[in-house]
Amino acid sequence: MWCRRLACLLTAPCQRSGSAGHRSPWPLGDGRTLLAAAARRHHTAPESLKCAWQLHGDHLELRYGSTLMRFDFVWLRDHCRSASCYNAKTNQRSLDTASVDLGIKPKAVRVDETTLFLTWPDGHVTRYGLEWLVKNSYEGQKQQVMHPRILWNAEIYRQAQVPSVDCQSFLQTDEGLKEFLQNFLLYGIAFVENVAPTKEDTEILAERISLIRETIYGRMWYFTSDFSRGDTAYTKLALDRHTDTTYFQEPCGIQVFHCLKHEGTGGRTLLVDGFYAAEQVLRQAPDQFELLSKVPLKHEYVENVGDCHNHMIGVGPVLNVYPWNNELYLIRYNNYDRAVINTVPYDVVHRWYAAHRTLTTELRRPENELWVKLKPGKALFVDNWRVLHGREAFTGYRQLCGCYLTRDDVLNTARLLGLQA
């Protein structure tokens with residue numbers, strides 16, 4: 001992948017300098033202070049600590065345990081956690097980064113069992129815990145997952161027997177809320193049972209974990225087949241799998257659905273784990289995955305119905321990944337709302353269509369389709385950055401209510417309960 005190749009390009013020169021010209025790049029030493037003039041010497045903490053360091057012309061190389069890290073000198077000065085540089089009460093930086101000399105080098109370096117000490121030319125001393133450095137280094141982050149997940153197809157999800165959470169437990173206890181959020185973070189969907197089938201009660205439910213994001217569709221919406229909006233969703237027709245609001249610059253993070261009434265047949269909800277499908281593409285055709293993660297597309301929503309007049313445009317690739325570890329964090333997939341492809345040169349567009357076809361084939365595999373019947377009293381929360389939804393055609397009167405939630409607030413609630421999010 002492009003980011004893995006980038007990582008190799010970034011690390012290769014230092015790896016060569018660490019091995020060329022030295023029989024042992026990490027010899028034992030006494031850990032004493034090293035002046036900048038002795039830049040090419042190697043020092044280690046006691047062997048049992050598995051810590052060693054080497055000063056280069058523009059960076060410090062540090063091995064701690066199994067992690068080899070490289071820190072730019074400006075980075076080391078900028079992230080100082082001393083009282084004059086960092087406000088521990090507000091968790092905010094006090095140091096003016098622009099005031100740091102870009103050519104700065106430490107005057108002295110020392111490592112003990114747990115801490116790296118750096119003395120700067122002006123006499124200021126910076127201290128870093130070695131564990132903190134591992135956690136916050138580029139090399140450490142590259143090995144970490146930002147958001148742990150369980151990828152699923154229909155059978156995997158059914159076998160997991162993920163429980164719904166009772167409404168009262170969800171609303172009144174931290175345990176119920178934490179169980180719900182853990183399910184949601186791992187699978188991208190979660191259910192709450194025994195909810196009173198009203199818009200007001202659904203709103204209370206949503207506000208338990210987040211601020212409600214008001215959009216062009218309002219704050220809380222009723223959803224019927226009355227053609228009241230210029231959108232295929234406001235019909236009785238089947239809807240193919242898609243993510244919502246791809247035409248926003250930042251698509252809505254979470255969507256809440258609650259079926260209040262259905263007098264008729266059909267109308268089952270379709271759920272597909274987009275990240276599971278993307279993982280299959282990555283394994284089978286990594287070049288196509290890369291293309292889908294790099295080519296920007298426009299999505300567009302044009303509406304002129306009644307008093308609703310909107311023209312929304314969102315731009316971004318189908319797959320969005322963190323560049324340092326290639327972790328997928330957002331899928332923007334909606335064939336209904338994809339605009340004219342005019343952001344891709346002709347010699348790339350055909351390859352993009354082939355990559356899109358590969359992803360679509362995975363998304364449409366029957367074994368990846370989880371069908372659920374939404375009924376009054378059972379609310380569904382969907383991670384709109386991960387899980388695609390759709391529906392089968394239906395007859396009769398069907399009324400849903402729901403809303404969009406701000407992703408930041410949901411993740412904030414999860415972190416406050418001790419979850420990784």
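Residues numbered from 1 in each chain as written. Predicted model: local features only at pLDDT ≥ 70, side-chain atom pairs only at ≥ 80, totals over all residues. Heavy atoms only, no water.

- With an unreviewed UniProt entry as reference, the chain is termed Trimethyllysine dioxygenase, mitochondrial, source organism Lophotis ruficrista.
- Among the UniProt annotations of the chain, the heading Subunit (unreviewed entry) holds the following wording: "Homodimer."
- Per UniProt, the chain carries the Sequence similarities (unreviewed entry) text "Belongs to the gamma-BBH/TMLD family." (UniProt positions renumbered as here; feature names shortened; annotations may be inferred.)

Topic: the overall build of the chain
Move 1: When you go through the chain residue by residue, the secondary structure sums to 12 helices and 25 strands.
Move 2: Within the chain, the proportion of its 421 residues that are buried is 50%.
Move 3: Pairs at least 24 residues apart make up 71% of the contacts formed inside the chain by residues separated by at least 6 positions.
Move 4: When the accessible surface of the chain is summed, it comes to about 20,300 Å², and 51% of that surface belongs to carbon and sulfur atoms. (Helix = DSSP H or I, 4+ residues; strand = E, 2+ residues; numbered from the N terminus. Buried < 20%, exposed > 50% of the residue type's maximum accessible area, 1.4 Å probe, protein only. Contact = heavy atoms within 4.5 Å. Areas by Shrake-Rupley, 256 points an atom, 1.4 Å probe, with all protein chains shown as cover.)

Some thoughts on the confidence of the model for the chain
Move 1: When pLDDT is averaged across the chain, the result is 87; 86% of the residues are at 70 or more.
Move 2: Below pLDDT 50 for its whole length, residues 1–48 participates in 83 contacts with residues either more than four positions away or in separate chains. (pLDDT = per-residue confidence, 0-100.)

Focus: the sheet that holds strand S22 (residues 370–372)
Move 1: What the 4 strands build is an open sheet, ordered S15-S24-S17-S22; its pairing is antiparallel. At either end of the open sheet lies a strand with only one pairing partner, and these are strand S15 (239–242) and S22. Sheet twist, expressed as the average angle between the axes of neighbouring strands with direction ignored, equals 20°.
Move 2: Seen against the sheet, helix H9 (residues 274–284) touches strand S17 (269–273) and strand S24 (387–391) and runs at an angle of roughly 40° to S17. (Pairing = 2+ DSSP bridges. Axes fitted to C-alpha atoms, helices over the stretch in contact; angles between N-to-C directions.)

Digging into the packing of aromatic side chains
Move 1: Inspection of every chain in the model, using the stated rule, returns 18 aromatic pairs.
Move 2: Look at Phe 170 and Phe 180: their rings are 4.8 Å apart centre to centre, the planes differ by 80°, and that puts the pair in the edge-to-face class. Of this pair, Phe 170 sits in helix H6 (residues 167–172) while Phe 180 sits in helix H7 (residues 174–187); the two residues are 10 residues apart in sequence, bridging distant segments of the chain. Here Phe 170 and Phe 180 have matching classes, each one buried.
Move 3: The interplanar angle of 15° and the centroid separation of 6.4 Å between the aromatic rings of Phe 180 and Phe 184 together place this pair among those described as stacked. Taken together, the residues Phe 180 and Phe 184, both in helix H7 and 4 residues apart, mark about one turn of the helix.
Move 4: On the accessibility criterion, Phe 180 (1% relative accessible area) is buried.
Move 5: Since its relative accessible area comes to 5%, Phe 184 is described here as buried. (Phe/Tyr/Trp six-rings, centres within 6.5 Å; stacked < 30°, edge-to-face > 60°.)

Comments concerning H7
Move 1: Taking 1.5 Å of rise per residue, 14 residues should cover 20 Å, and H7 covers 20 Å from first to last C-alpha, within 8% of that figure.
Move 2: The set of residues buried in H7 consists of Gly 176, Leu 177, Phe 180, Leu 181, Asn 183, Phe 184, Leu 185 and Tyr 187.
Move 3: Positive backbone phi, approximately 80°, marks Gly 188, located one or two places after H7. (Expected span 1.5 Å × (residues − 1).)

Considerations on the nonpolar core
Move 1: The biggest cluster of nonpolar side chains holds 28 residues, and the ones touching the most others in it are Phe 170, Phe 180, Leu 181, Ile 209, Phe 381 and Leu 405.
Move 2: Among the secondary structure elements, those contributing two or more residues to this core are H6, H7, strand S12 (189–193), helix H8 (199–207), strand S16 (254–263), strand S23 (379–383), strand S25 (397–405) and helix H12 (407–416).
Move 3: With sequence-adjacent residues up to four places away left out, Leu 405 is seen in contact with Ala 206, Ile 209, Ser 210, Leu 211, Ile 212, Arg 213, Gly 253, Ile 254, Val 256, Phe 381 and Val 410. (Core = buried A, V, L, I, M, F, W, Y, C linked by side-chain atoms within 4.5 Å.)

Let's talk about the packing of H9 against helix H10 (residues 286–294)
Move 1: Two elements in contact, H9 and H10, have axes separated by 5 Å at closest approach and are oriented at 130°. Classed by the angle they form, the pair H9 and H10 counts as oblique. Counted together, Ala 278, Val 281, Leu 282, Arg 283 and Gln 284 of H9 and Pro 286, Gln 288 and Phe 289 of H10 form the full contact between these two elements.
Move 2: Considering only residue class, the contact of H9 with H10 consists of 5 nonpolar, 2 polar and 1 charged. (Parallel < 35°, antiparallel > 145°, perpendicular 65-115°, else oblique. Nonpolar A, V, L, I, M, F, W, Y, C, P; charged D, E, K, R; others polar.)

Overview of the pairing of strand S8 (residues 108–111)
Move 1: In this structure, S8 lies alongside strand S9 (residues 115–119), joined through 4 bridges in antiparallel fashion. Following the sheet pairing, Val 111 is matched in S9 by Leu 116.
Move 2: What sits between the antiparallel neighbours S8 and S9 is a turn of 3 residues.

Points about the packing of H10 against helix H11 (residues 346–363)
Move 1: Interhelical geometry of H10 versus H11 gives an angle of 110° and a closest axis separation of 9 Å. In terms of axis orientation, H10 runs roughly perpendicular to H11. Facing Gln 288, Leu 291 and Leu 292 of H10, the residues of H11 in contact are Val 348, Arg 351, Trp 352, Ala 354, Ala 355, His 356, Thr 358 and Leu 359.
Move 2: By residue class, the composition of the contact of H10 with H11 is 7 nonpolar, 3 polar and 1 charged.

So, the side chain of His 79
Move 1: Tracing the sequence through the fold places His 79 in the loop between helix H2 (73–78) and strand S6 (86–87).
Move 2: The exposure class of His 79 is buried, given its relative accessible area of 16%.
Move 3: A distance of 2.9 Å separates a polar atom in the side chain of His 79 from the backbone oxygen of Trp 75.
Move 4: Other than its neighbours up to four places away in sequence, His 79 contacts Arg 93, Tyr 128 and Trp 132. (Polar contact = N/O pair within 3.5 Å; in protein donor to acceptor, adjacent residues only side chain to side chain.)

A word on empty space enclosed by the protein
Move 1: Throughout the structure, instances matching the rule amount to 3 cavities of 30 Å³ or more.
Move 2: A volume near 90 Å³ is recorded for the largest cavity.
Move 3: Residue lining of the largest cavity: His 147, Arg 149, Phe 184, Leu 185, Ile 254, Asp 383, Arg 386, Arg 407, Val 410 and Leu 411, and that is the complete set.
Move 4: Of all the secondary-structure elements, those providing two or more residues to the lining of the largest cavity are H7 and H12.
Move 5: A total of 3 residues in the lining of the largest cavity trace back to one element, the largest contributor, which is H12.
Move 6: Of the pockets and cavities examined, the second largest cavity occupies roughly 40 Å³.
Move 7: Residue composition of the lining of the second largest cavity, by class: 2 nonpolar, 4 polar and 2 charged. (1 Å grid on protein atoms, 1.4 Å probe; cavity = no way out; pocket = protein on both sides within 12 Å on 5 of 7 lines; lining within 4 Å. Points joined across faces, edges and corners; volume = space filled by probe spheres on them.)

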